[in-house]
Amino acid sequence: MATVQVSEAEKVYILHGIRDDLRVDGRGCEDYRHMEIETDVVSNTDGSAKVTLGHTVVLVGIKTEIGKPRPMLPDEGYLEFFVDCSANATPEFEGRGGEELGTELSNTLYKVFNNKHSVDLKSLCISAGEHCWVLYVDVLLLQCDGNLYDAISVAIKAALFNTKIPRVHISADEEGGKEIELSDDPYDCMRLNVENMPCIVTLCKVGHRHVVDATLQEKACSVASLIIAVTHKGTVTCARKVGGGSLDPESIFEMTEAGKRVGKALHAPLMKLLQQEESLGKTQQKVGFLG
Amino acid sequence: MPRNSGIILSSRCVSGGDIERRTSSHAAVWFITFPCAMPTDNKRVRGPEVSQSPSLFLCEPAGALPSHGPRADGRQRDQVDVRPVFVRCGLVSQAKGSAYIEAGNTKLMCCVYGPRETERKDETDMKCGRLTTDMRFAPFSCPERGSWIQGSQDKDLSLMLHESLQPAVCLHKYPRSQIEVNVMVLENSGSVLAHAVTCASLALADAGIEMYDLVLGCSIRQDGTSYVVDPTYTEENRCSSVSSENQGGLTVAFLPSLNQISGLQSDGEMAEETLTAGVRTCIEGCYKLYPVIQQALAKAVRKAAPPPSES
């Protein structure tokens, strides 16, 4: 992750502030920074979203392709995640520098979505054993200011909400083989149900307290963080400890409880916002990358 | 293969192009292809890519295990019933420290090299040492054949092993040095990460690397309302027919004397209370394993340097 050097005096300042529930920018320990979400920003994709969380900017593009289902699960489609840390974010990511962080992020995303209820994979099946929809979720990190997991998960949820999968029609042709026909109408498409999709909350342990949505400076003062992916019902789909320090079992229990609380509270406003944006339709003013 | 067909050999990338040499009985023809992004195995002549494991064609579905009643190997559900463990240190003579662990059918070995000079001089840290971990699966270790090239799962497990071991090793005592931990999974029969953590910390202790405490790993698999501790491969990977809420796996790496959790990883979907209860169960499993590991370590030390005989 892009790191900043923090002096000892600054560390003590941040630590004492967090102890009194007052962070450097005035937030409480469980408050997020200002978040902006915009969907349908890239027209070449089947679904896209851009999320700005403080100074972290993440762009997700989703492309749907027809592929062969996995041998062990012939009646389900699947998702493939790829995270690219662009060299725009920080010079550390130039060349292959960002590859390690990218693989870590993609592997965590695979774990978060590795369950039956997050995405309805059976609806992605076209014909069992032969064709299915494969959704390639490509995440691009444009700017990095801490808290990548949260921004990426919100962006993926928004992009999948925005995804329009064209309807296909299987017909038998003359020789008995199957032919796939795509509907001519560009608006005749299938949408995904993102209700059960989890959002990731990162809790950093700073001193004796934990903070949500840590900036890079706060991250430099913490030794360990807990990443927890929570659905709107409060189910935990993935929990993981990151960082080179160790945590007390009691802190872990406290942090999972706080993570569940914060994560649950994140879903309702997010869905409301996405539906509001969708309902604006053509009248929506596109902000794009210059706003 | 018919007698007159050519043999295709591919050599490593040379100056930006992949050069394939096709030899036949008549002439040698050189082909230059564009370099591809995916790492390919250039050392072996691979069979056709469409080969599949015969287990896909089994008549009855492989994942039809009951979720109640005793487990296949006689252990109990809903109890901290870990498999009996066999550990031995100091098996690899070339390594500074090594350990081998067997739990049921899961077999792993770990070697530790170091502390030695950092390979890449620009990454030398003046104040503390570096710990590098590498976890690999032998291709024949899992029921489906894996490839020799490190997949993303191997890298992910190596990273989690690193995160679990780092809090325990006193890296500040080895400035400008590098300690390498290599784990090789010989047979994967479930809860591989948990046993890898235990094996690695044993190997580090055998190498004489200073540590705050041993790191022990334990994993559980939650299936509906019941859980199984130290699951086998079939218990880990089966998709239960009952699509209930609590389905998932959890692995915890724990430092028993200091009561600290150094690694935690869960997937699947679980309620928060189930996750908390699962962590407590894993901690109990680690405490059960602790005396065995301590004994094995003491035995290895006594063998290496026997106490002076009373005369």
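Source: prediction; values computed, not measured.

Sorry, what's going on with helix H3 (residues 148-162) of chain A here?
The α-helix winds at 3.6 residues per turn, so residues separated by three or four positions along the chain end up facing the same way. Counted at 1.5 Å a residue, the expected span for H3(A) with its 15 residues is 21 Å, and the 21 Å between its end C-alpha atoms agrees. For H3(A), the buried fraction is high: 15 of the 15 residues fall into the buried class.

Which parts of the structure should I look at to understand the packing of aromatic side chains?
To describe a pair of aromatic rings, you give the distance between the ring centres and the angle between the ring planes. Enumeration according to the criterion identifies 4 aromatic pairs over all chains in this entry. On the basis of an interplanar angle of 35° and a centroid distance of 5.1 Å, the ring pair of A:Phe81 and A:Phe113 is categorised as tilted. Of this pair, A:Phe81 sits in strand E4 (residues 78-85) while A:Phe113 is found in the loop between helix H2 (99-112) and strand E5 (125-127), placing the two residues 32 residues apart along the sequence. A:Phe113 carries the same exposure label as A:Phe81, and that label is buried. For the ring pair B:Phe86 and B:Tyr100, a centre distance of 6.5 Å and an interplane angle of 70° mean the geometry is edge-to-face. Note that B:Phe86 is positioned in strand E4 (residues 85-89) and B:Tyr100 in strand E5 (residues 97-103), a separation of 14 residues in sequence. B:Phe86 sits in the partly exposed class, given a relative accessible area of 38%. Following the ring pairs from residue to residue traces out a cluster consisting of A:Phe81, A:Tyr110 and A:Phe113. One residue, A:Arg70, lies across the ring of A:Tyr78, its end atom 4.1 Å from the ring centre. Its guanidinium or amino end placed over the ring of A:Phe161, A:Arg191 lies 5.8 Å from that ring's centre, counting from NZ or CZ.

Which parts of the structure should I look at to understand the UniProt feature "domain: Exoribonuclease phosphorolytic" (unreviewed entry) in chain A?
All names here are of chain A. Mapped onto the present numbering, the UniProt feature "domain: Exoribonuclease phosphorolytic" (unreviewed entry) falls on residues 32-166 and 196-261. Along residues 32-166 one finds 21% helix and 38% strand; the C-alpha atoms at either end are 36 Å apart. The span residues 196-261 carries 27% helix and 41% strand; its end-to-end C-alpha distance comes to 16 Å.

Can you help me understand the environment of B:Ala72 in this one?
You can see B:Ala72 is positioned in the loop between strand E3 (28-33) and E4. Residues B:Ala72 and B:Thr232, spaced 160 residues apart in sequence, show a C-alpha to C-alpha distance of 9.3 Å.

Help me understand a negative patch on the surface in this model?
Residues and elements named next belong to chain A. Side chains of Glu174, Glu175, Glu179, Glu181, Asp184 and Asp185 sit close together on the surface and give a patch of like negative charge. Note that Glu175 resides in the loop between strand E8 (168-172) and strand E9 (178-182). Since its relative accessible area comes to 71%, Glu175 is described here as exposed.

What is the right way to read helix H4 (residues 272-304) of chain B from this model?
The end-to-end C-alpha separation of H4(B) is 47 Å, in line with the 48 Å expected for 33 residues at 1.5 Å each. Of all bends in H4(B), the biggest is about 35°, found at B:Leu289, and the proline B:Pro291 comes one to four residues later.

Looking at this structure, I do not really get the packing of H2(A) against H3(A). What am I missing?
The geometry of a pair of packed helices is captured by two quantities: the angle between their axes and the separation between those axes. Residues and elements named next belong to chain A. Between H2 and H3, whose axes approach to 12 Å, the crossing angle comes to 55°. Judged by the angle between their axes, H2 and H3 are oblique. Crossing handedness for the pair H2 and H3: right-handed. Counted together, Leu101, Glu104, Leu105, Thr108 and Leu109 of H2 and Leu148, Tyr149, Ile152 and Ile156 of H3 form the full contact between these two elements.

Whenever I open this one, the interface of chain B and chain A confuses me. Can you help?
Note on interface size: it is often stated as the accessible area lost on association of the parts. Taken together, the contact between chain B and chain A spans 34 residues of the former and 32 residues of the latter. When the two sides are added together, the surface that chain B and chain A hide from each other amounts to roughly 3,000 Å², 53% of it contributed by carbon and sulfur. By the criterion of area lost to chain A, the three top residues of chain B are B:Leu264, B:Glu269 and B:Glu272, representing 20% of everything that side buries. Seen at the junction of chain B and chain A, the total is 5 salt bridges. Here B:Glu273 makes a salt bridge to A:Lys260, at a shortest N to O gap of 3.6 Å. Counting across the interface, chain B meets chain A through 13 residue pairs in polar contact (both at pLDDT 80 or more).

Any chance you could explain the pattern of salt bridges here in plain terms?
Evaluated as defined, the whole model comprises 23 salt bridges over all chains. Residue A:Asp75 is joined to A:Lys122 by a salt bridge in which the shortest nitrogen-to-oxygen separation is 3.9 Å. With A:Asp75 in the loop between strand E3 (56-67) and E4 and A:Lys122 in the loop between H2 and E5, this pair connects stretches of sequence that are 47 residues apart. You can call A:Asp75 partly exposed: its relative accessible area is 33%. Since its relative accessible area comes to 47%, A:Lys122 is described here as partly exposed. B:Lys173 is the salt-bridge partner of B:Glu210, the closest N and O atoms lying 3.2 Å from each other. Of this pair, B:Glu210 sits in the loop between helix H2 (192-206) and strand E9 (216-223) while B:Lys173 sits in the loop between helix H1 (152-165) and strand E8 (177-187), placing them 37 residues apart in sequence. The class for B:Glu210 is partly exposed, based on a relative accessible area of 36%. Relative accessible area serves as the criterion here: at 43%, B:Lys173 is assigned to the partly exposed category.

For this particular structure, what's the right way to read the pairing of E3(A)?
Consecutive residues of a regular strand have side chains that alternate between opposite faces of the sheet. Residues and elements named next belong to chain A. Counting buried residues in E3 gives 9 out of 12 residues, a clear majority hidden from the surface. Sheet topology note: the strand E2 (residues 47-53)/E3 ladder contains 7 bridges and is antiparallel. When the sheet's bridge partners are listed, Ala49 is paired in E3 with Val60. Counted between consecutive antiparallel strands, the loop separating E2 from E3 contains 2 residues, among which Gly54 sits at a positive phi close to 70°. The pairing of E3 with strand E6 (residues 131-143) spans 11 bridges and is classified as antiparallel. Within E6, the residue paired with Ile62 across the bridge is Val137.

What counts, and where the lines are drawn
Residues numbered from 1 in each chain as written. Chains lettered and ligands numbered in written order. Predicted model: local features only at pLDDT ≥ 70, side-chain atom pairs only at ≥ 80, totals over all residues. Heavy atoms only, no water. Helix = DSSP H or I, 4+ residues; strand = E, 2+ residues; numbered from the N terminus. Expected span 1.5 Å × (residues − 1). Buried < 20%, exposed > 50% of the residue type's maximum accessible area, 1.4 Å probe, protein only. Phe/Tyr/Trp six-rings, centres within 6.5 Å; stacked < 30°, edge-to-face > 60°. Lys NZ or Arg CZ within 6 Å of the ring centre and 35° of its normal. UniProt positions renumbered as here; feature names shortened; annotations may be inferred. Patch = residues over 30% accessible without salt bridge, like charges linked within 9 Å, V, L, I, M, F, W, Y side chains within 5 Å. Areas by Shrake-Rupley, 256 points an atom, 1.4 Å probe, with all protein chains shown as cover. Salt bridge = Lys/Arg side-chain N within 4 Å of Asp/Glu carboxyl O. Lys, Arg positive; Asp, Glu negative; His and termini not counted. Charge placed at Lys NZ, Arg CZ, Asp CG, Glu CD. Bend = angle between axes of the 7 residues up to and from the residue. Axes fitted to C-alpha atoms, helices over the stretch in contact; angles between N-to-C directions. Parallel < 35°, antiparallel > 145°, perpendicular 65-115°, else oblique. Left-handed = near helix turned anticlockwise from the far one by under 90°. Contact = heavy atoms within 4.5 Å. Buried area = accessible area lost by both parts, 1.4 Å probe. Polar contact = N/O pair within 3.5 Å; in protein donor to acceptor, adjacent residues only side chain to side chain. Pairing = 2+ DSSP bridges.

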